[in-house]
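# Structure at a glance
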Amino acid sequence: MKIAILGLAQTGKKTLFSLLTGRPVSANRKPGEVTEGIAPIHDSRVDALSELYQPKKTTYAENQFVLCPDVTAGSTSRSWMDPARRCDLLFLLIRAFDSPEVFHPSGSVDPKRDREMIETELLLADMQLVETRLQRLAKEKKGGQTQAQALEEDILNRFNAALEEEKFLSTVKLEPAEEQAVRSLGLVTRTPLIVAYNVNEDDIGKDFGPGIFSISCEIEREIAEMEDEGERQEFMEAMGLAEPSLDRINAALYDALGLMSFYTAGKDECRAWTIRKGSSAPVAGGKIHSDIERGFIRVEVMKFDDLMAAGSEQGIKQAGKMQLHGKDYIIEDGDICNFLFNV
């Protein structure tokens, strides 16, 4: 699952990407160049399990980020669009900070204008793609139209009507078979979109409206560079932050992808495993090893809160709270699992 980081030039995208992934981005990055990296999702439950089990290794869940080229509004070249089409979620970073040292492509800082500009570019890109595909289908059906082509044409006509009203294609409801018929087109306005404003220090925590996160990449960089944990906590308290905004946003992106974590815990490793919400126990086990899904027998489940209250697996068993489930069990967020299987 990939997350595209999108935005105009000089918004802080490279700084954000480096802070999330720990991967530096060259200041001499070529126009059109794409950079990818992995970001661990810091999870207090993993930390608590590691504190309890003292394992040799601790492993967090991860997000995969794609740093796209700068969005260039009004340009016929949309090099930033191609990598975005191949991603599962769009993370739009908007500049909302003032700095005389950092120029703005439009000459002034106006986050509302910039967001609308980029959203318009997304709409135009999908409109062009839909129109091109409809023209091709019109030519193809002169020799007879298949059922699949008729279905695609009907969907695309609905899409076209929505785009003409400047509506994102995510607002068009499709049946599963219809979704499958147009999935390969890579229509960006059907992709989930998360918006964040890169703000000045004084605007940290400010409400910019529903669905908009705020983050100060400059402050997050200062937090990341502090080696002393006490100093870091004191600084965040002074900023009004309960946790780094990076962690909060990274976790929100994970959730927006429809993902969740279950855990395995022991002396060798405490680990968060990534599955889609609604996954069955065998599917979850298959994330660890295909043999578990193939030979699934049952799963032992401890609830995180129960384990923390009991203080040990033995305490869970004595309290009668160790759960046994079969293949129909749907894994819940935070389940600590031990799979039994035979192949």
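To start, this report covers the structure provided alongside it.

Cut-offs applied
Residues numbered from 1 in each chain as written. Predicted model: local features only at pLDDT ≥ 70, side-chain atom pairs only at ≥ 80, totals over all residues. Heavy atoms only, no water. Phe/Tyr/Trp six-rings, centres within 6.5 Å; stacked < 30°, edge-to-face > 60°. Helix = DSSP H or I, 4+ residues; strand = E, 2+ residues; numbered from the N terminus. Buried < 20%, exposed > 50% of the residue type's maximum accessible area, 1.4 Å probe, protein only. Pairing = 2+ DSSP bridges. Axes fitted to C-alpha atoms, helices over the stretch in contact; angles between N-to-C directions. Contact = heavy atoms within 4.5 Å.

## Looking at the packing of aromatic side chains
Scanning the model with the defined rule gives three aromatic pairs in all. For the pair Tyr197 and Phe208, a centre-to-centre distance of 4.9 Å together with 65 degrees between the ring planes defines the contact as edge-to-face. Taken together, the residues span a long stretch of sequence, with Tyr197 in strand E6 (residues 193-199) and Phe208 in the loop between E6 and strand E7 (212-215) at a distance of 11 residues. A relative accessible area of 6% places Tyr197 in the buried class. An angle of 65 degrees between the planes, with centres 6.4 Å apart, marks the rings of Phe296 and Phe339 as edge-to-face. Here the residue Phe296 occupies a position in strand E10 (residues 296-302), and Phe339 occupies one in strand E12 (residues 336-341), the gap between them amounting to 43 residues. Side by side, Phe296 and Phe339 carry an identical accessibility label, which is buried.

## So, the sheet that holds strand E1 (residues 2-6)
Reading across from one edge, E2-E4-E1-E5-E6-E7 is the order of the six strands in this open sheet, with mixed pairing throughout. Because the sheet does not close on itself, it has two edges, and the strands there are strand E2 (35-41) and E7. Shown here is a sheet whose adjacent strand axes are inclined to one another by a mean of 30 degrees, direction ignored. Where E1 meets strand E5 (residues 89-96), four bridges bridge the pair, whose relative direction is parallel. Of the residues in E5, the one forming a bridge with Ala4 is Leu90. Lying on the sheet, helix H4 (residues 111-140) is in contact with E5, E6 and E7; it crosses E5 at an angle near 150 degrees.

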